[in-house]
Amino acid sequence: MKLDIVTIFPKMVEGPLAEGIIGRAMARGVLDLRVHDLREFTTDRHRVVDDVPFGGGPGMVLKPEPLFRAVESIRIGRGEPSAVILTSPDGRRFSNEDARRLSRLPHVVILCGRYEGVDERVRLHLASEEISIGDYVVSGGELPALVIVDAVARFVPGVVGDEESVSRDSFARGLLDYAQYTRPAEFRGWRVPPVLLSGHHAEIARWRRRDALARTLALRPDLVADPSGLEPEDREVLQELLEDREKGAS
Ligand code: SAH
């Protein structure tokens, strides 16, 4: 998969992307990721990327020309992108489903805003969609771009070594993940649930399914408010949990 990030702070994204799962996927060529310095697409001597807002007010706004030129250069050098994403707090809230959808595209460009944001014409005529990582404001699109790239990359085949772990992760099947334990079996008097030490695979699978459902019900009931999307076995266990809860309450 091809990914291009356009930013005025390339180092802010290059470092994190060189590490861990993403770094390895890039080294193996599974991800073809480029970071572009927006200043390279200015035409003036001072390489200016921002200007004051028309109409007055505080702060600076990213100018449209360098962003358009950056995407045009990517188009020529790397081919027509399937999506041009503008990171923006007023975009649609990024979800696991977006990550999965974007991972199926061959080529995604991400534009990082800064200051007060970007000239509106970028949103209207350059971006194909706007994505927000949540209802809060960070000072630039670099961290949001990293969040998006990381979440998307996990769904690209060959990026995460064990594909099963991605399909089991929180949200993948509409549930949170089950609790994880590692050695030691007893730590400061707190024991690991005995079933996990039993070596009994069917029992362990049953415990995990129940744990994932119980956690989801307790921590994110909104995810199971409509159980119709769940696997039939999950629905059964959910029903049991709800019945247990009612018994407990009465
Ligand atoms: N004035 C803008 C905020 C600009 S923050 C507003 O109130 O909407 C500067 C840049 O940081 C934005 O252009 C965007 O690229 C990025 N950014 C900030 N918060 C973000 C969020 N929650 N999701 C995605 N991008 C965000």
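Residues numbered from 1 in each chain as written. Predicted model: local features only at pLDDT ≥ 70, side-chain atom pairs only at ≥ 80, totals over all residues. Heavy atoms only, no water.

What am I meant to see in the pairing of strand 6 (residues 107-111) here?
Successive side chains on a regular strand alternate, one facing one side of the sheet and the next facing the other. Buried residues dominate strand 6, accounting for 5 of its 5 residues. Neither face of strand 6 is open: one carries His 107, Val 109 and Leu 111, the other Val 108 and Ile 110, and all of them are buried. Sheet topology places strand 1 (residues 2-7) next to strand 6; 5 bridges connect them, and they run parallel. Paired with Ile 5 across the bridge in strand 6 is Ile 110. Note: strand 5 (residues 83-93) against strand 6, 4 bridges, orientation parallel. (Buried < 20%, exposed > 50% of the residue type's maximum accessible area, 1.4 Å probe, protein only. Helix = DSSP H or I, 4+ residues; strand = E, 2+ residues; numbered from the N terminus. Pairing = 2+ DSSP bridges.)

Explain the domain arrangement of the protein chain here, please?
The parts lose accessible area when they come together, and the size of an interface is often stated as this lost area. Once the domains are mapped, the protein chain shows domain 1 (2-163) and domain 2 (186-249). Each of domain 1 and domain 2 has a C-alpha centre, and the two are 38 Å apart. (Domains from an automatic or database assignment.)

Would you mind going over the packing of helix 8 (residues 201-219) against helix 9 (residues 232-249) with me for this structure?
Pairs of packed helices are described in terms of their axes, by the angle between the two and the distance that separates them. Remark: helix 8 packs on helix 9, axes separated minimally by 10 Å, with the N-to-C direction vectors making an angle of 60°. Looking at the two axes, helix 8 sits oblique to helix 9. In the crossing of helix 8 with helix 9, the sense of the turn from one axis to the other is right-handed. Between helix 8 and helix 9, the contacting residues are Arg 209, Arg 210, Leu 213, Ala 214 and Leu 217 on the first element and Glu 233, Asp 234, Val 237, Leu 238, Glu 240, Leu 241, Leu 242, Asp 244 and Arg 245 on the second. Across the contact of helix 8 with helix 9, the residue classes break down as 7 nonpolar, no polar and 7 charged. (Axes fitted to C-alpha atoms, helices over the stretch in contact; angles between N-to-C directions. Parallel < 35°, antiparallel > 145°, perpendicular 65-115°, else oblique. Left-handed = near helix turned anticlockwise from the far one by under 90°. Contact = heavy atoms within 4.5 Å. Nonpolar A, V, L, I, M, F, W, Y, C, P; charged D, E, K, R; others polar.)

Can you walk me through the site of the ligand in this structure?
Taken together, 19 residues lie around the ligand, and Thr 87, Gly 113, Glu 116, Tyr 136 and Val 138 are the ones closest in. The separation between an oxygen atom of the ligand and a polar main-chain atom of Gly 113 is 2.9 Å. Across the complex, the protein chains shield 83% of the 550 Å² of accessible surface that the ligand would expose by itself. Elements supplying a minimum of two residues to the shell around the ligand: strand 5 and strand 7 (129-132). The residue makeup of the shell around the ligand, split by class, is 8 nonpolar, 9 polar and 2 charged. (Near = heavy atom within 4 Å. Polar contact = N/O pair within 3.5 Å; in protein donor to acceptor, adjacent residues only side chain to side chain. Areas by Shrake-Rupley, 256 points an atom, 1.4 Å probe, with all protein chains shown as cover.)

In this structure, what is going on with the nonpolar core? I would like to understand it.
Where a protein is soluble and globular, its nonpolar side chains tend to be buried together. The biggest cluster of nonpolar side chains holds 29 residues, and the ones touching the most others in it are Ile 5, Leu 17 and Leu 31. Secondary-structure elements contributing two or more residues to this core are strand 1, helix 1 (10-18), helix 2 (20-27), strand 5, helix 4 (96-103), strand 6 and helix 6 (142-153). It is helix 6 that contributes the most residues to this core, 6 residues altogether. If sequence neighbours within four positions are ignored, Leu 17 has contacts with Ile 5, Ile 22, Gly 23, Met 26, Leu 33, Leu 146 and Val 149. (Core = buried A, V, L, I, M, F, W, Y, C linked by side-chain atoms within 4.5 Å.)

What am I meant to see in the packing of aromatic side chains here?
Using the criterion set out here, one finds 1 aromatic pair in the structure. With a centroid separation of 5.9 Å and an interplanar angle of 50°, the aromatic rings of Phe 187 and Trp 190 are classed as tilted. (Phe/Tyr/Trp six-rings, centres within 6.5 Å; stacked < 30°, edge-to-face > 60°.)

I keep staring at the sheet that holds strand 7 and nothing clicks. Help me out?
Paired through their backbone hydrogen bonds, the strands of a sheet run either parallel or antiparallel. Taken in spatial order, the 5 strands of this open sheet run 2-1-6-5-7, and their pairing is parallel. Since the sheet does not close on itself, it has two edges, and those belong to strand 2 (32-37) and strand 7, each with one partner. Along the sheet, successive strands turn relative to each other by an average axial angle of 30°, direction set aside. Inspection of the sheet shows strand 1 paired to strand 2 by 6 bridges, in the parallel sense.

Please clarify how the environment of Val 149 should be interpreted in this entry.
Tracing the chain through its elements places Val 149 in helix 6. Exposure remark for Val 149: the relative accessible area of 1% places this residue in the buried category. Val 149 sits 71 residues away from Arg 220 along the chain, and the two C-alpha atoms are 25 Å apart. Ignoring anything within four residues of it in the chain, the contact list for Val 149 reads Leu 3, Ile 5, Leu 17, Ile 22, Leu 33 and Ile 110.

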